[in-house]
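Residue-level listing of the chains:
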Amino acid sequence: MRRARTVRTEAVVLRHKDFGEADRILTLLTPEHGKLHAIAKGVRRPTSRKAGHLDLYMRADVFLATGRDLDILTQATTLDAYRPIREGLLRSSYASYCAELLERFTPDGEANAPLYHLMVGALEKIGVEDNLPLIARYYEMHLLGLVGFQPELGTCVVRGEEIQPEDQFFDAASGGVVCPRCGGDGMGRPITMPTLKMLRFLQRSEWAALENLRVRATVESELEQVMLNFITVNLERQLKSVDFLNRVRRIKQTNSN
Ligand SMILES: [Zn+2]
């Protein structure tokens, strides 16, 4: 659908790149117009009134004029700067991962308000909470549901048996859990019951359920492997931000030991 010539919307800056002498091209996520690309002219000049309102992962109130190739961003006012994200390398690496995941799974110009609110929720949590891996898992699970890749966790994806409380298999290409009768021999990789239960819990929960949630390190690590495998298999590509995020986490770990 063609948009009106000028729209006012709130938006999250997912990505930006310098363009020309003083401009910047932004990838924005909006609730009603989906993901779009806009040029912010002169934004790199210190005198620009837009400068400082359009940094990465900021949420801003923006005016967009429809351009021929790109929209033109004419005004911007910060709604939330998520300062801790910009000031911490680990937090910004998680934000970058969330932004890349969203970009990869969504076409331009397709409205998905729940996805917008999921992203905003993730940025809020990444800015203040400490259990960043769990926030990432929650975000991944809900994003997959909102873009049509919801993993099946209740019945075997091979023959539809109801999953019993025992260790199972998980097959990313088939879209979810595989029972012990159908699994093995190249059909799925093993997944323990506590990890499967945590995946189900994340899938049916709201953000608030993460508060005070404690997850064993072994489960946390299995959750991460299962989700990353599911995502890369279904995207049919690797995510660039994952390597960087893992490097930052290793540095943090070394420093805290
Ligand atoms: Zn089965």
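Computed from a prediction, not measured in an experiment: that's the story for all the values here. The residue count restarts for each chain, going from 1 along the sequence in the order it is written. Reporting of local features is limited, given that this is a predicted model, to residues whose pLDDT is at least 70; pairs of side-chain atoms are given and counted only at 80 or more, and all residues count toward the totals for whole chains, interfaces and linings. The side-chain figures draw on all heavy atoms in the structure; neither hydrogens nor water molecules are used.

### A word on the sheet that holds strand S7 (residues 176-178)
Now for step 1: If you trace the 3 strands from one edge of the open sheet to the other, you get S7-S6-S8, paired in antiparallel fashion. Every other strand in the sheet has two partners, leaving S7 and strand S8 (189-191) as the edge strands with one partner each. Taking each pair of neighbouring strands and ignoring which way they run, the sheet shows an average axis angle of 45 degrees.
Now for step 2: Both strand S6 (residues 168-171) and S7 contribute to a ladder of 3 bridges, which runs antiparallel. By the bridge assignment, Phe170 is partnered in S7 with Val177.
Now for step 3: In this analysis, two residues are considered to be in contact whenever any of their non-hydrogen atoms come within 4.5 Å of each other. Between N-to-C directions, angles span 0 to 180 degrees; the directions come from axes that are lines fitted to C-alpha atoms, helices contributing only their stretch in contact. Secondary structure elements follow DSSP: runs of H or I no shorter than four residues count as helices, runs of E no shorter than two count as strands, and numbering proceeds from the N terminus. Packing against the sheet, helix H5 (residues 193-204) makes contact with S6, S7 and S8, and its axis sits at approximately 80 degrees to S8. DSSP bridges decide pairing: two strands pair if at least two such bridges lie between them.

### Concerning helix H6 (residues 217-235)
Now for step 1: Expected span of a helix: the number of residues minus one, times 1.5 Å. In this model H6 runs 27 Å from its N-terminal to its C-terminal C-alpha over 19 residues, within 8% of the 27 Å that 1.5 Å per residue would give.
Now for step 2: At the exit of H6 stands Glu236, carrying a positive phi of roughly 60 degrees.

### Side note on the nonpolar core
Now for step 1: By nonpolar core we mean a set of buried residues, namely Ala, Val, Leu, Ile, Met, Phe, Trp, Tyr and Cys, connected to one another through side-chain atoms within 4.5 Å. We call a residue buried when its accessible area falls under 20% of the maximum for its residue type, exposed when it is over 50%, and partly exposed in between, using a 1.4 Å probe and counting protein chains only. The biggest cluster of nonpolar side chains holds 62 residues, and the ones touching the most others in it are Met119, Tyr139, Leu143 and Leu199.
Now for step 2: Tallying contributions element by element places helix H4 (residues 132-146) first for this core, with 9 residues.
Now for step 3: By size, the runner-up hydrophobic cluster in this structure holds 15 residues, among which are Val7, Val13, Leu36 and Ala76.

### A closer look at the coordination of the zinc ion
Now for step 1: Coordination shells were defined by N, O and S atoms within 2.8 Å of each metal, extended to 3.2 Å for Na, K and Ca; water is absent from the atom set, which can make sites look incomplete. For the zinc ion, every protein donor is listed as Cys156 (SG), Glu161 (OE), Glu161 (OE), Cys179 (SG) and Cys182 (SG), and the spread of their distances is 2.3 to 2.7 Å.
Now for step 2: Read N to C, the donor residues that coordinate the zinc ion are spaced as C-x4-E-x17-C-x2-C. Remark: Cys179 occurs in the loop between S7 and S8 and Glu161 occurs in the loop between H4 and S6; sequence separation between them is 18 residues.
Now for step 3: Cys179 sits in the buried class, given a relative accessible area of 1%.

### A closer look at the pattern of salt bridges
Opposite charge on two side chains lets them pair, provided their charged atoms get close.
Now for step 1: Here a salt bridge means any side-chain nitrogen of Lys or Arg lying within 4 Å of a carboxyl oxygen belonging to Asp or Glu. By the definition in use, this model includes 13 salt bridges.
Now for step 2: A salt bridge links Glu103 to Arg15; its shortest N-O distance comes to 2.8 Å. Here Arg15 lies in strand S1 (residues 6-19) and Glu103 lies in helix H2 (residues 89-105), a separation of 88 residues in the sequence.
Now for step 3: On the accessibility criterion, Arg15 (45% relative accessible area) is partly exposed.
Now for step 4: The shortest N-O distance in the salt bridge between Asp18 and Arg24 comes to 3.0 Å.
Now for step 5: Among the residues examined, Arg24 registers a relative accessible area of 17% and is labelled buried.
Now for step 6: Here the residues in one salt-bridge network are Arg137, Glu140, Glu224 and Arg249, joined through shared partners.

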